[in-house]
Amino acid sequence: MVCKKRTAKRKLVMKKIVSKDLDFDIQLEEILSLDRGVPVDINETVKNIISDVKENGDESLIKLTNKLDNNNLSLDNILVSQDEIEFASENISNELKQAIQLSHDRVTAYHQKQLPEDLNYKDDLGIELGYIWNSIESAGVYVPGGTASYPSSVIMNTVPAKVAGVENITMVTPANSGKINPLVLYAAKISGVDKIFKIGGAQAIAALAYGTKTISPVNVIVGPGNAYVAEAKKMVYGDVGIDMVAGPSEILVIADKDQDARNIAADLISQAEHDVSAQSIFITDDITLAENVELEVAEQLVSLPRKEIAFKSWNDNGAIIIVESIDEAIKVSNRFAPEHLELMVGNARSHLKKIKNAGAIFLGPNTPEAVGDYIAGPSHVLPTSKSAKYSSGLSVFDFLKRTSIVECSQENLNQIGPAANEIAVNEGLDGHARSIDYRLTKK
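Residues numbered from 1 in each chain as written. Predicted model: local features only at pLDDT ≥ 70, side-chain atom pairs only at ≥ 80, totals over all residues. Heavy atoms only, no water.

Moving on, we come to the environment of G57. Tracing the backbone shows G57 in the loop between α2 (43-56) and α3 (58-68). C-alpha of G57 to C-alpha of Y210: the two residues are 153 residues apart in sequence and 8.9 Å apart in space. (Helix = DSSP H or I, 4+ residues; strand = E, 2+ residues; numbered from the N terminus.)

In structure tokens, the structure reads:
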């Protein structure tokens, strides 16, 4: 349905472009190339923090934690005790416990279906080929803390690791005056986290990557964080694996004339309230709907608790794009490669194959992106900043390794060895050639 036009209480100064305009490509490129990153150069700061923790271990970890996270912790209490976890669990309402448990169960069920099988087969020469899957042995999960405490982040990052078979999962999260949000602790408890430490920032990433006397190093680090966490993950990558370097949150909504402007505006705001650097894009082939959505965004922002954040995000980074058709809307969306894509059009599934670049797709008018954040099943850890053009959301595959298997008989080696030998000699690697040649049966 199309909402009637009405006067908004607050006027937004936002971008609106039309594909029929001669300068449309120029205007679109301006939106695509917006720099939504952190303007200050934190590279040197993060490099020094990592170096400090590598060199001085626990001593630096405690010093930096108390200084940067405004705590007063010691080595005796940075590890969350079992008593703290149980106390937190006892002080959560049954309704919240049930909601978190449902989220955990649905995310577990979804990721169990991703588990791959080993492969073993004989080719036409009788050579045995295949591969086996092994889980990564240890993982570190970073969960934002302080004013932004997200139990959903615990579930979405930990469950795929647990389903994959990771044996040791260490969680780090900043404490607020020595305390961690009870919901975060409860989510960690039911998700199977082995150890929880009250540390955050770049120093926590360094501790996970290189270890200290108190914290064992891990093989892979996952989870969202601020700019310092993201930069630290970039710097330790190679020494450990990481899931991705996440940028500000994004949503792109494609809708036709039959959709509800109120719902569309609410979905756009749901991402804008994350951060002033978040981006919300609306694309439609109906100008009346575009105008109504613009009015709805302005009206809904008035009563939003995080309206100042959402208002700046929408003004600085948001846009409404009016196109000639839904097919054209999808082509534009593929250029954005959004983290979240809502396809609110008739027979939405019929357009699915045309979408090449998106972290997650939400089909139809009754699938708001927020259900993906909490309860649907897939992990909400998704590629941002156009990286959906070449990467995927977090899954069990981020915690698995595939190892190739090859087995030749003497007859097999006699059949394929001479060709391998020929290539090795041509490449100037005589040692390679000899290792094959010595095994060949000579006539």
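Sheet architecture is open: six strands sit in the order β1-β11-β10-β9-β12-β13, paired in parallel fashion. Looking along the sheet, the strands with just one partner apiece sit at the ends: β1 (15-18) and β13 (360-363). Each adjacent strand pair in this sheet contributes to an overall mean axis angle of 15 degrees, direction not counted. Of the pairings in the sheet, the one linking strand β10 (residues 279-284) to strand β11 (residues 319-322) comprises four bridges and is parallel in character. (Pairing = 2+ DSSP bridges. Axes fitted to C-alpha atoms, helices over the stretch in contact; angles between N-to-C directions.)

Judged by nonpolar contacts, the single largest core of 40 residues is most densely connected at I100, V154, M171, I180, I196 and F399. The set of elements that each furnish at least two residues to this core consists of α4 (82-90), α5 (94-112), β4 (138-142), α6 (151-164), β5 (168-172), α7 (182-191) and β7 (220-222). With residues up to four places along the chain from it excluded, the contact list for I100 reads P151, I155, L183, Y186, A187 and I190. Counting residues in hydrophobic clusters, the runner-up holds 28 residues, among them I62, A202, A209 and I215. (Core = buried A, V, L, I, M, F, W, Y, C linked by side-chain atoms within 4.5 Å. Buried < 20%, exposed > 50% of the residue type's maximum accessible area, 1.4 Å probe, protein only. Contact = heavy atoms within 4.5 Å.)

Looking now at the pairing of β5. For β5, a buried count of four out of five residues is recorded, marking the element as mostly surrounded by other parts of the structure. Pairing geometry for β4 and β5, over five bridges, is parallel. Among the inter-strand pairings, V141 is bridged to a residue of β5, identified as M171. By the bridge criterion, three bridges tie β5 to strand β6 (residues 195-197) in an arrangement that is parallel. Bridge assignment links M171 to a residue of β6, and that residue is I196. You can see the chain leave β5, run along α7 and come back into β6, and the turn it takes is right-handed. (Right-handed = clockwise from strand over helix to strand, strands pointing away.)

Counting buried residues along strand β9 (residues 250-255), six of its six residues qualify, which places the element largely inside the surrounding structure. Of the two faces of β9, the one holding E250, L252 and I254 and the one holding I251, V253 and A255 are both buried throughout. Bridge analysis of β9 against β10 gives six bridges, and the strand direction is parallel. Each bridged residue has a counterpart across the sheet, and for V253 the counterpart in β10 is F282. Once the chain exits β9 it traverses helix α10 (residues 261-272) before rejoining the sheet at β10, and the crossover so formed is right-handed. Sheet analysis places β9 next to strand β12 (residues 340-344), joined by five bridges and oriented parallel. If you follow L252 over to β12, its bridge partner there is L341.

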